[in-house]
Amino acid sequence: MQASRNKKICVYLGAALLALVIATPVLWLFIMSISSSTHLTTLPLQWWPDEPTFENYRSLLIYAENTPSQSFLYGIRNSVIIALAATGVSIAAAIPAAYSFSRLPGKRRKNLLYAVIAIFMLPPVAIVLPMYTIMNALGLLNTHFALIIVYCSILLPFTTWLLKSNFDTIPSDLDEAPIIDGANRVQAIWYVILPIARPALGAAVMMAVLLAWDEFFYGLLFTNDIRAKTITVAIADLAAGRVADYGLISAAGILAAVPPVVLAFFMQKTLVSGLASGSVKG
Amino acid sequence: MASVSLSNVTKTFGTANIIKGVDLSVGDGELVVFVGPSGCGKSTLLRMISGLEEISGGEIHLGDRRVDHLPASDRDIAMVFQSYALYPHMTVAENIGFPLKMAGKSKREIADKTREIGDVLQLLPLFDRTPKQLSGGQRQRVAIGRALARDPKIILLDEPLSNLDAALRVDMRMELARLHRELGATMIYVTHDQVEAMTMADRIVVLRDGVVEQVGSPLDLYRHPVNQFVAGFIGSPKMNFWSARSDADGRLVLPAGMALSLPGALDPDQAVTVGVRPEHFVLATDDASAVLRGNVLSVEHLGSDTFVQLDCGFGDPGQIDINVRLAGIVPVRIGDGVSLSVAAVENWHLFDADGVRLDISK
């Protein structure tokens, strides 16, 4: 009894510490976003503004040409398009790839998997120049398409690996049974394997969207105006002028976090369900 | 329903020969059981018939159609997996209806057929549950229901009862036997449990190291095993074996000193292995009929039977040489000296140095 209570206290302390570490910067970001710029630059520092204001949010969300709101709103639009498209394409490709790596035999197949992971580990700096040259030659710079392709190359190894490790835990009887029942391989994956792997699929989608949403390096290099600039680049642009409005930047940061948070909220049920129990013995 | 025939079917994994040329035919509506020790290739052979495993050589026919080149989904075969392999995200009804859905049947047809099967297997009250809400026996019935859904030509069962507890296993065994009678389906059943094999099979196929050792009815295998392996594998407790020689007249010299004349079986001075089933011994009424003498090492009284373990001095002292199953309650005690005889000449089994049966002419 005593031991279990101590254990509980430790667990809660740990969780509280983790929450503190993660939440403090966000909280500070929020405080900055509702402070006026004069407040942020006066000394001594004020922890809470005298007159909290949502002016920064208003100036970002109400569209007006040639203002920060234009680049911010276009950035959100571009990021949504690019992140969702890149996620969609890479998940669609990762499912058959992961199934093949997990289920089909062959030594060369396994080697290919390690090659994919090795490439994934290359630092972006190492490959950005040839990629830039290729995109330039194809006339794809400053388009959504360029970033979708590049992001797929980042997301695909990751999602494939994640799904493959999950498929590995599904007993092989469960893809043989549908074959016996008259399904072809694609139907077996669609009707049996994917529903069972739904939590992992949800996690893969989540992580892929987040990776694409947060990507900065390629976004910075391959885009140059509101037609394709992603939100991360748009926020950086706010700081790049001669006067950096920290309140505005903070508000943009908070707003940019909203779409992923909403996504996570809707997907959490998928993420935490354990479906594989009860199918086979044990 | 259809017959199955295998001719010279082989399977190799790399350099390992798993199935070494199996010829077998299973008649329409027959229930054939594959038995053998683990690793003998019985499950592999079943998977080759199902199409889940490709064959390396030979031919497989279902009815008059050659199927070894067809994918599993086109062979019109159903299979019950050892693990049940139920779809965890589907209800019982959806599980049973899945093969029909894959066959492109209408919703109505699926519902009707599913209900019909649910009725036969008493699954109707469970139709809306998912597999994890079911007990082992219920899951087993759902797996069988799914196999029956498409009215398949052949039903393959891969150790379907091995995950159930003993009592349930007996029930399900009887249920499967009943289904087989009612449906008249051709069934191939893999098990390592020879009681299942003996009680359910029309014919038993005994496999060892990828080779069919013997095919025959349960009692045929029990009475006339073709070699020492089959003799030892079929029957429980297993057959007793000991080494012996024949004398100059071709008579079998028994440990108790007596020489037994088994007409036509033995050459003079031939080394043989003698086999007698535990239940074929009786206590010798007089010294002249005794074939074996030994000291009792242990006694188990089951009421209906008495199991006695004897040290007959074949090996080290204190080693169990012979198991005996005597009918009823027999008053023997540990340490007693016991003489045994064998009632009938057909209860003797003789095997040559290669383990092949030597026929005893009547």
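Residues numbered from 1 in each chain as written. Chains lettered and ligands numbered in written order. Predicted model: local features only at pLDDT ≥ 70, side-chain atom pairs only at ≥ 80, totals over all residues.

Taking an unreviewed UniProt entry as the reference, chain B is identified by name as ABC transporter domain-containing protein belonging to Thalassospira alkalitolerans. Under the Sequence similarities (unreviewed entry) heading, UniProt states for chain B: "Belongs to the ABC transporter superfamily." (UniProt positions renumbered as here; feature names shortened; annotations may be inferred.)

An unreviewed UniProt entry lists chain A under the name Maltose/maltodextrin transport system permease protein MalG, with Thalassospira alkalitolerans given as the organism. Taken directly from UniProt, the Function (unreviewed entry) text for chain A runs: "Part of the ABC transporter complex MalEFGK involved in maltose/maltodextrin import. Probably responsible for the translocation of the substrate across the membrane." Reading the Sequence similarities (unreviewed entry) entry of the UniProt record for chain A gives the comment "Belongs to the binding-protein-dependent transport system permease family. MalFG subfamily."

Trainee: When you look at the packing of helix H2 (residues 92-102) of chain B against helix H3 (residues 107-120) of chain B in this model, what are you seeing that I'm missing?
Mentor: Working note: a packed helix pair is described by the angle between its axes plus the distance between those axes. Residues and elements named next belong to chain B. Between H2 and H3, the shortest axis-to-axis distance is 9 Å and the interhelical angle comes to 130°. Relative to H3, the element H2 is oriented oblique. The way H2 lies across H3 gives a crossing that is right-handed. Every residue of H3 that contacts H2 at Ala 93, Ile 96, Gly 97, Leu 100 and Lys 101 is listed here: Glu 109, Ile 110, Lys 113, Thr 114, Ile 117 and Gly 118. Considering only residue class, the contact of H2 with H3 consists of five nonpolar, three polar and three charged. (Axes fitted to C-alpha atoms, helices over the stretch in contact; angles between N-to-C directions. Helix = DSSP H or I, 4+ residues; strand = E, 2+ residues; numbered from the N terminus. Parallel < 35°, antiparallel > 145°, perpendicular 65-115°, else oblique. Left-handed = near helix turned anticlockwise from the far one by under 90°. Contact = placed C-beta atoms within 7 Å. Nonpolar A, V, L, I, M, F, W, Y, C, P; charged D, E, K, R; others polar.)

Trainee: It is not clear to me how the interface of chain B and chain A should be interpreted in this structure. Could you clarify?
Mentor: It is common to give the size of an interface as the accessible area lost on bringing the parts into contact. Taken together, the contact pairs 25 residues of chain B with 22 residues of chain A. Looking at the side of chain B that touches chain A, its residues break down into 16 nonpolar, six polar and three charged.

Trainee: Teacher, can you tell me more about the UniProt feature "transmembrane region" (unreviewed entry) in chain A here?
Mentor: UniProt marks residues 9-31, 80-99, 111-132, 144-163, 188-213 and 246-267 of chain A with the feature "transmembrane region" (unreviewed entry), using the numbering shown here. Secondary structure content for residues 80-99 of chain A is 100% helix and 0% strand, and the end C-alpha separation is 28 Å.

Trainee: Would you mind going over the sheet that holds strand E3 (residues 31-35) of chain B with me for this structure?
Mentor: The pairing of strands in a sheet comes from backbone hydrogen bonds and takes either a parallel or an antiparallel form. Residue and element names in this part refer to chain B. Strand order across the open sheet formed by six strands is E6-E7-E8-E3-E9-E10, with mixed pairing between neighbours. A single partner strand is all that each edge strand has here, and the edge strands are strand E6 (77-80) and strand E10 (211-216). Across the sheet, the mean angle from the axis of one strand to that of its neighbour is 20°, orientation sign disregarded. Looking at chain direction, strand E7 (residues 154-158) and strand E8 (residues 186-190) are connected through five bridges and run parallel. Across the sheet, residue Leu 157 finds its bridge partner in E8, namely Tyr 189. (Pairing = 2+ DSSP bridges.)

Trainee: For this particular structure, what's the right way to read the confidence of the model for chain A?
Mentor: Low pLDDT marks regions whose predicted coordinates should not be analysed in detail. Per-residue confidence for chain A gives a mean pLDDT of 86, with 94% of residues at or over 70. Counted against residues more than four places away or in other chains, residues 274-282 of chain A, with its pLDDT under 50, gives 28 contacts. (pLDDT = per-residue confidence, 0-100.)

Trainee: Is there a simple way to explain the packing of helix H8 (residues 173-180) of chain A against helix H9 (residues 185-196) of chain A in this structure?
Mentor: Residue and element names in this part refer to chain A. The geometry of H8 relative to H9 is characterised by a closest axis approach of 9 Å and an angle of 145° between their N-to-C directions. The two elements H8 and H9 meet at a crossing, and its hand is right-handed. Here Leu 174, Asp 175, Pro 178 and Ile 179 of H8 lie close against H9, whose contacting residues are Gln 187, Ala 188, Tyr 191, Val 192, Ile 193 and Ile 196. The residue inventory of the contact of H8 with H9, partitioned by class, reads eight nonpolar, one polar and one charged.

Trainee: Hey, could you run me through the pairing of E10(B) in this one?
Mentor: Working note: regular strand, side chains alternate between the two faces of the sheet. Residues and elements named next belong to chain B. Both strand E9 (residues 203-208) and E10 contribute to a ladder of five bridges, which runs antiparallel. Note that in E10 the partner of Val 205 across the bridge is Val 215. Hairpin geometry of E9 and E10 is characterised by an intervening segment of two residues between the two adjacent antiparallel strands and by a positive phi of about 50° at Asp 209.

Trainee: Help me understand unusual backbone geometry, please; the structure alone is not making it clear to me.
Mentor: Where the residue is not glycine, phi is negative for most of them; where a peptide bond is considered, it is trans in most cases. All names here are of chain B. Here the amide bond leading from Ser 236 into Pro 237 is cis, since omega sits at -5°, within 30 degrees of zero. Mapped onto the secondary structure, Pro 237 falls in the loop between helix H8 (228-233) and strand E11 (240-245). Despite not being glycine, Asp 76 shows a phi value in the positive range, around 60°. With respect to the helices, strands and loops of the structure, Asp 76 is situated in the loop between strand E5 (65-66) and E6. At Asp 151, a position not held by glycine, the phi torsion is positive, near 50°. Relative to the helices and strands, Asp 151 is located in the loop between helix H4 (136-148) and E7.

Trainee: How should helix H10 (residues 198-214) of chain A be read in this particular structure?
Mentor: Residues spaced three or four apart along an α-helix face the same direction, because each turn holds 3.6 residues. Helix length check: H10(A), at 17 residues, gives a terminal C-alpha distance of 24 Å against a target of 24 Å (1.5 Å per residue), a fit within 8%. All of the buried residues in H10(A) are Ala200(A), Leu201(A), Ala204(A), Val205(A), Ala208(A), Val209(A), Ala212(A) and Trp213(A). (Expected span 1.5 Å × (residues − 1). Buried ≥ 20, exposed ≤ 12 C-beta atoms within 10 Å, placed from the backbone.)

Trainee: Any chance you could explain the nonpolar core here in plain terms?
Mentor: For soluble globular proteins, nonpolar side chains are generally found buried alongside one another. In terms of nonpolar packing, the biggest core is built from 137 residues, with Val33(B) and Ile188(B) touching the most fellow members. Both domains that meet at this core, namely domain 1 (4-229) and domain 2 (238-358) of chain B, each give it at least three residues. In this structure, Leu60(A), Leu73(A), Ile231(A) and Leu248(A) belong to the second largest nonpolar core, which totals 14 residues. (Core = buried A, V, L, I, M, F, W, Y, C linked by C-beta atoms within 7 Å. Domains from an automatic or database assignment.)

Trainee: Got a minute to help me understand the domain arrangement of chain B in this structure?
Mentor: Residues and elements named next belong to chain B. As assigned here, chain B comprises domain 1 (4-229) and domain 2 (238-358). Put simply, the middle of domain 1 and the middle of domain 2, counted by C-alpha atoms, are 39 Å apart. Contacts between domain 1 and domain 2 engage five residues on the former and eight residues on the latter. Of the residues contributing to the side of domain 1 that touches domain 2, the split by class is three nonpolar, two polar and no charged.

Trainee: Even after reading the chapter, I still don't get helix H4 (residues 68-103) of chain A, so can you show me in this structure?
Mentor: Spanning 36 residues, H4(A) covers 51 Å between terminal C-alpha atoms, matching the ideal 52 Å at 1.5 Å per step. Considering bend angle alone, the principal kink of H4(A) is centred on Ala94(A) and spans about 30°; proline Pro96(A) follows within four residues of it. (Bend = angle between axes of the 7 residues up to and from the residue.)

Trainee: How do you make sense of the pairing of strand E19 (residues 337-342) of chain B when you look at a structure like this?
Mentor: Residue and element names in this part refer to chain B. Bridging between strand E15 (residues 281-283) and E19 involves three bridges; their strand directions are antiparallel. Residue pairing in the sheet places Val 282 in a bridge with Ser 341 of E19. Relative to E19, strand E16 (residues 292-301) runs antiparallel, the two being bridged by four bridges. Counterpart to Arg 293 in the pairing with E19 is Ser 339.

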